[in-house]
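Architecture at a glance
One-letter residues, chain by chain:
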Number of protein chains: 2
Amino acid sequence: MTAIQLYDTTLRDGMQGEGMSLSAEEKLRVAHRLDALGIHLIEAGFPTSNPKELELFTLLERETFLTADVAAFGMTRRAGTRADEDAALRVLADCFAPVVTIVGKTWGLHVEKVLRVDRDENLRMIAESVAFLVAQGKRVIYDAEHCFDGWRDDAAYARRCVLAAAEAGAETVALCDTNGGSLPGQIAEGTRDLAAALATADVRVGIHCHDDVGCGVANSLAGIEAGATQVQGTMNGYGERCGNANLVTIIPNLQLKLGYECLPHDRLATLTETAHYLDELLNRTPNPDQPYVGKNAFAHGGGMHADGVLKEAASFEHMDPLLVGNHREMLISELSGKGTVLARAEESGVALDEDGARRVVERVKALEHGGYQYEAADGSFELLLRKESGEYESLFQLESWRVIVEQRADGKVETEATIKIWANGERYLRTAEGNGPVHALDNALRAAVEESHPELKGTGLVNFKVRILDETKGTEAVTRVLLDASDGHDVWGSIGVSENVIEASWDALVDSLEYAIQAGRTRVGKRGPARSAT
Amino acid sequence: MTAIQLYDTTLRDGMQGEGMSLSAEEKLRVAHRLDALGIHLIEAGFPTSNPKELELFTLLERETFLTADVAAFGMTRRAGTRADEDAALRVLADCFAPVVTIVGKTWGLHVEKVLRVDRDENLRMIAESVAFLVAQGKRVIYDAEHCFDGWRDDAAYARRCVLAAAEAGAETVALCDTNGGSLPGQIAEGTRDLAAALATADVRVGIHCHDDVGCGVANSLAGIEAGATQVQGTMNGYGERCGNANLVTIIPNLQLKLGYECLPHDRLATLTETAHYLDELLNRTPNPDQPYVGKNAFAHGGGMHADGVLKEAASFEHMDPLLVGNHREMLISELSGKGTVLARAEESGVALDEDGARRVVERVKALEHGGYQYEAADGSFELLLRKESGEYESLFQLESWRVIVEQRADGKVETEATIKIWANGERYLRTAEGNGPVHALDNALRAAVEESHPELKGTGLVNFKVRILDETKGTEAVTRVLLDASDGHDVWGSIGVSENVIEASWDALVDSLEYAIQAGRTRVGKRGPARSAT
């Protein structure tokens, strides 16, 4: 089993993605998570490109990691200077990080049109920069930018570039498909050729891909199969344009499908949790369809399939989801049966008997016929289970609610909600304003119930979706509202369906709050990791 | 240049994705879009699995398509019966569709554990089902389910299965990686072997992949390079678990990178628009990072890169985004340029000069920054054009409106809207009820303006969509409402955006009515077929 070195650039290349932002302290948490997963090299950025990066390196220097080494990132010396007089290379040399990754040109087009130096000077820039850092005691990784475009354009020159880095003492030469435009066949051919050119030097070959043609994962695998033993990428494929190669997919593919050694098996089983943790930290909705770790990755919906899975799991699943810390998900749908409901009840810690399960199935069937859909409303579904099992606590008795939205003659729109409810034997009348009708209702309801349920203060809505069912009926169509609420640890979904969008929203709102107060509710990080580390 | 047959299963396999739902009429619109793109085969589902599917086939039978043939989908006959006595095969034989795709087993494990028949009976089921449909005059595509698992398990039996279909007269045998667990190397090897086994039969080989290991695209390319000439997939990779192979990525890869012939170049240039149209119809947020067509696919963020792009576009972009109808800029909109605006004005019969067009571009940029999006709101866009050209007729002057939604103590929900407007020098105060707030506002507004504009009586809302932008902000997020209205012949879209869903709906409502009264408005059925048939 060939061992593969895992190189994560989430904190550098990943942060170039749209809307990506982390504080230095959050980046430190990411580094610890990557280390706990078993990543071997963590690229943290350039040590002084701004105060935040500087702070990050100051923080990193104090830390101890289990498996990971920290790599600082920079580029080859500027043209026409000496490496030991290049301020940026000096910063890298002085940084605590034992590993330094520097990027340089491999493609004649870039050397001439972007860098505007002659090709021999580019070779000197590579060799002298690497040699300088090696002389300063660093392990050096050379990132050969636009390597495959360069190789297709002028293979001989690309070979000279990577060889210049290797002969100057680089530990690794990483072949980068910087613009992400190569296909697996091209990556395989280029990697084979360049790895052969590097065979005389004692150097590791790395592969760094992007997803611009939807082949970031396949390209990385092609690079490994053609001789690379380091793979660079980001968690969840974060990165600019279409993203970097996704390590979360690459790692199980290499280890479980192709027999390479990447991570100890117990670490691999934390992959799902780690991937979701990163999304949460970045305030991104985890992609439910993500290979291996997505909520839907092992979901079985259709009747025939769900039936088949029960007969023989391996017949419909390409691998055991537990190996990556995921689990099989039976979608609650019109077609599902009593067994699925019982399994869900057990998972939620709700004591439901066979009769109860049968009643839930009937109820779900009727509700789904009316437009309900419980796949994304696990909170509402658990409330259904609890209502049948008797383990249900109601939040209040409704007397009435009212929403008024008004655009006045001066053009200003005002929204006001009034609720009248009974809780713990008392009547509450509350009025609140909001940016819109749902916001106003949420505010009014919370004003009434937070007094008796202070734990609700730590919860809030994080997601609000409206879908018109049978849209061709215009505004008389049925509206389905899905809400996600969170208490900072767990996220749960609730649903409301009505001809009236406000009534649907109200119903979902009530479920989302009622779910939060159930004794022993068991959101166990299914849809996101617990935040205990934070 | 080998020609590749494009087989789209968005309407069947794609609809198994989580939360996917389209009415029969919407599916018809999808079929027309796929046809306009140049797809060769459109798989529409099983003709009678429910009333909605039946309605779809009834609608499809009346339509004329430019490039596409419709394929009905089913499975091989049940075990131990005769093909000509199998009710489901009879339905397929009687369906108008010239092409029938049937799926059958290829993997011994499934034959024995799921189907529970012996392996020879499975071969007879395949051969007799294909032969029956061929004898009924159908072009038959055989989908070999779990083909690559089967081939890895027992290559000889997998060969016998696909050969049984080919020898029975199938036009195409599609090799399906049903659970999506194969890697490109395995797909290449399996396809080569099975294509060789099929070489004696006059049969086309197809490839059908899923994205469970993040290689749906690469696997499809591997299948094509190993001898398949039909590729099956879905738009935007819709589908259960991690999705089907994404045709939106596969098509440009095949055509622009590998030199296969898929679509005429002018059709390929509509790829971005088509992909976004599908997302809109399904009320899904287009993936901004999607290869080729995503808003970020050709976005340049990093300072160094953006600078490099200016020096030499090809040095940082893997291809020209215009080839797939995308743009280099961050903000993608088909209306972003002055030329496009002038062309749209001419098409709508609006006399707009260069200065007017420039003002429209500025206005659209500002509005799109605030969440407006005119791709699906052609009515609102034409109103923008008219306001700049002076050919705009206003419907009324607003004084105020108010909506009250109330759930009373008896549980009944009542909705009432009151509007105060001025039209033709008169003040109108009208109150109306409705099933929901938008319906009530629509009723109240119509009650006021239909007197002076009786032509509005023939119009009505046919579609209503609500999308929360930046969904992670919960109920405080901005809401985008899209309405479609129709006069029985034409359909036009209008848009409203606001923090308040009711205000956004009001704005869209006003546009939809105002558009209807414009003199010389020219709806030419761009967004789908006219509704006269329904």
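Keep in mind that this is a model prediction, so the values were computed, not measured.

Criteria and thresholds
- Residues numbered from 1 in each chain as written.
- Chains lettered and ligands numbered in written order.
- Predicted model: local features only at pLDDT ≥ 70, side-chain atom pairs only at ≥ 80, totals over all residues.
- Heavy atoms only, no water.
- Contact = heavy atoms within 4.5 Å.
- Buried area = accessible area lost by both parts, 1.4 Å probe.
- Salt bridge = Lys/Arg side-chain N within 4 Å of Asp/Glu carboxyl O.
- Polar contact = N/O pair within 3.5 Å; in protein donor to acceptor, adjacent residues only side chain to side chain.
- Helix = DSSP H or I, 4+ residues; strand = E, 2+ residues; numbered from the N terminus.
- Pairing = 2+ DSSP bridges.
- Axes fitted to C-alpha atoms, helices over the stretch in contact; angles between N-to-C directions.
- Phe/Tyr/Trp six-rings, centres within 6.5 Å; stacked < 30°, edge-to-face > 60°.
- Buried < 20%, exposed > 50% of the residue type's maximum accessible area, 1.4 Å probe, protein only.
- Lys NZ or Arg CZ within 6 Å of the ring centre and 35° of its normal.

Some remarks on the interface of chain A and chain B
Contacts between the two partners involve 96 residues from chain A and, on the opposite side, 96 residues from chain B. Of the roughly 8100 Å² buried between chain A and chain B on both sides combined, carbon and sulfur atoms contribute 55%. Linking chain A with chain B are 1 salt bridge, by the criterion used here. A salt bridge links Glu 406 of chain A to Arg 402 of chain B, with the shortest nitrogen-to-oxygen separation between them at 4.0 Å. Counting across the interface, chain A meets chain B through 14 residue pairs in polar contact (both at pLDDT 80 or more). Top contributing element to the side of chain A that touches chain B by residue count: strand S11 (residues 397–407) of chain A, with 10 residues. Sheet analysis places S11 of chain A next to strand S9 (residues 397–407) of chain B, joined by 7 bridges and oriented antiparallel. Residue pairing for S9 of chain B: Val 405 of chain A is matched across the bridge by Val 403 of chain B.

Thoughts on the sheet that holds strand S13 (residues 478–486) of chain B
All names here are of chain B. Strand order across the open sheet formed by 3 strands is S12-S13-S14, with antiparallel pairing between neighbours. The open sheet terminates on both sides in strands that have one partner only, identified here as strand S12 (460–469) and strand S14 (491–498). Here the average twist between neighbouring strands, direction ignored, is 20°. Contacts from helix H19 (residues 501–517) reach S12, S13 and S14, with the element oriented near 150° to S14.

Describing the packing of aromatic side chains
In the structure shown here, the tally under the stated rule is 12 aromatic pairs over all chains. On the numbers, 5.6 Å between centres and 35° between planes, the contact of Trp 401 of chain B with Trp 506 of chain B is tilted. Of the two residues, Trp 401 of chain B is situated in strand S9 and Trp 506 of chain B in helix H19; the sequence distance between them amounts to 105 residues. By relative accessible area, Trp 401 of chain B is classed as buried at 0%. Among the residues examined, Trp 506 of chain B registers a relative accessible area of 3% and is labelled buried. An aromatic cluster is defined as three or more aromatic residues linked by ring pairs; in this entry it consists of Tyr 372, Tyr 374 and Phe 381 of chain A. A cation sits over an aromatic face here: Arg 12 of chain B above Phe 73 of chain B, 3.6 Å from the ring centre. When the ring centre of Tyr 392 of chain B is taken as origin, the NZ or CZ atom of Lys 387 of chain B, which lies over that ring, is 5.1 Å away.

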